[in-house]
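Listed here are the chains, written in short residue letters.
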Amino acid sequence: MTLFDQGRVTTVKQDDHRTTAKPFEIPKRLVYNAWKRVAANKGAPGVDRESIQAYKKNLGGNLYKLWNRMSSGSYHPKPVKQVLIPKGDGFRSLGVPTVADRTAQMAVKMVLEPRLEKIFHPGSYGYRPGVGAKDVVLQVRGNCWRYDWVLDMDIKAFFDSIDHELMMRAVEKHAPEKWIRIYIRRWLECPIQLESGEMENRSCGTPQGGVISPLIANLYLHYAFDHWMKQNYPGIPFIRYADDIVCHCRNRNEAETLWENLKERLGHCKLQLHPVKTKMVYCKDNKRKGVYSLTRFDFLGFSFHGRTVQDRQGNLFTGFNPGVSRKSLKRMNESIRELNINSRTQSTMSELAEMINPKVRGWIAYYRSFYPEPLKRFLIRIELRLGRWARNKYKQLRGRKRRSWNWLKRFRASFPKMFVHWDYLFLKGHG
């Protein structure tokens, strides 16, 4: 049993029964540990504009107030703050809760997640502890080698379409604690403050950006899709990463039948397959000679399609393999272009490396494991930008491409570890 006191947790004796007077028995230690996770995750302020640092200044008082309200049943979340994130030709809407509400959600997550992990399907990967996206890509690749067809599913506006009543039925199945059920419903029904400042009420959906949203969204799809597939199509393996789903089928007829039945099933769950983005794909390679119009699909930033690869004996063949997708390459190009490297003639090479390396390090770590040639071509384009930067910065290099490449090569030989992509592209034993 613990007390919050001026930003620290102090232990009290076990015979202190003050916490049992509340309608709901919520350990203070749970709320404190939830706060520590929220603080570690950082994140932006919510509608109250209170940052994690500001909340921390009166941590003891803030956590005590939150625990007191949660334990008494008087806790009501503030509206979530809308943040629009560019996505393709439009925007993705995130809903950012306040620091206090994120802490409350984390407390519920810490109680609920271990229970749900025991029932989640092994084909479900997204938002689960200890699961890496690259492991998922490896599993999808193996399935594509064994099965000829893929049903690439896209659920239209999934997070915005979750039915609250169906969601609560799933929650109630695994949360006997009344306070958990009450607060999850309040979070589901919490209004969102639009960027314009207007308030918008929600009758369905759960905002992306909340701590609890990924967990309960996974629970929703567990019953809407995973459990249904296990009951009705046990012979069709699938990989689900949040709401991105691929099903592996033996033949075209099996994929078509599954598609039609899934439309009906998801419709019962108030969800809809995207009519354009959902598609069947034929995994065409050297051995599979059939004809079909669609022979590639994207999943988790990778594009899966037939690629020329080399076996251990040096023979070339076409294998169905993943590599960084065109969409991902476009985003990466835009990210580098925004740095405006060519015009930063006041910067040193070391300063350019500090700007570029954090981005490139993550890209290499994620994409290097599967068919790295598209990634290498992209990294060479960064070299071209550095060459243009050198010609703009130094008078003796202006208009002299070959001389600038030689200058860059000498610099790279002197400082081979300065840029992350140099280590990957040019040092022996890498790539």
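Before reading on, note that the structure itself is shown above.
These remarks concern the structure in this document. All figures in this text were calculated on a predicted structure; none of them were measured in a lab. (Residues numbered from 1 in each chain as written. Predicted model: local features only at pLDDT ≥ 70, side-chain atom pairs only at ≥ 80, totals over all residues. Heavy atoms only, no water.)

**Remarks on the pattern of salt bridges**
Quick reminder of the rule: Any carboxyl oxygen of Asp or Glu within 4 Å of a side-chain nitrogen of Lys or Arg constitutes a salt bridge here. Buried residues are those whose accessible area, probed at 1.4 Å on protein chains only, stays under 20% of the maximum for their type, while exposed residues exceed 50% and partly exposed ones sit between those limits. Secondary structure elements follow DSSP: runs of H or I no shorter than four residues count as helices, runs of E no shorter than two count as strands, and numbering proceeds from the N terminus.
Evaluation of the coordinates by the stated rule reveals 14 salt bridges. Across the salt bridge formed by Arg 250 and Glu 254, the nearest N and O atoms sit 3.1 Å from each other. Accessibility expressed as a relative area gives 44% for Arg 250, which makes it partly exposed. A salt bridge links Lys 263 to Glu 260; the shortest N-O distance between them is 3.3 Å. Note that Lys 263 and Glu 260 are positioned in helix α10 (residues 252–268) at a spacing of three residues, about one turn of the helix. Each of Asp 148, Asp 285 and Arg 288 takes part in a single network of salt bridges with overlapping partners.

**Some points on a nonpolar patch on the surface**
Where we set the bar: Each patch is built from residues lacking any salt bridge and having more than 30% relative accessible area; the joining distance is 9 Å for like charges and 5 Å for nonpolar side chains (Val, Leu, Ile, Met, Phe, Trp, Tyr). Surface accessibility in these figures is a Shrake-Rupley result with a 1.4 Å probe; residues are shielded only by whichever protein chains are displayed.
Among the surface-exposed residues, Ile 380, Leu 384, Trp 405 and Phe 426 lie close enough to one another that they form a single nonpolar patch of about 320 Å² accessible area. Residue position: Trp 405 is located in helix α14 (residues 401–414).

**Some words on the packing of aromatic side chains**
The criterion, for reference: Aromatic pairs are defined between Phe, Tyr and Trp rings, using the six-membered ring for Trp, whenever the two ring centres lie within 6.5 Å; interplanar angles under 30 degrees are classed as stacked, those over 60 as edge-to-face, and all others as tilted. For a lysine, the NZ atom is tested; for an arginine, the CZ atom; a charge sits over a ring if that atom is within 6 Å of the ring centre and within 35 degrees of the ring normal.
Under the defined criterion, the tally for this structure stands at 25 aromatic pairs. Note on Trp 389 and Tyr 394: the rings are 6.1 Å apart at their centroids and 85 degrees apart in plane angle, and the pair reads as edge-to-face. Note on Tyr 394: relative accessible area 26%, which makes it partly exposed. What links up through ring pairs into an aromatic cluster is the set Trp 389, Tyr 394, Trp 407, Phe 411, Phe 415, Phe 419 and Trp 422. Between Lys 28 and the ring centre of Trp 67, over which it is positioned, the NZ or CZ distance is 4.4 Å. The cationic tip of Arg 391 hangs over the ring face of Trp 405; the distance from NZ or CZ to the ring centre is 5.2 Å.

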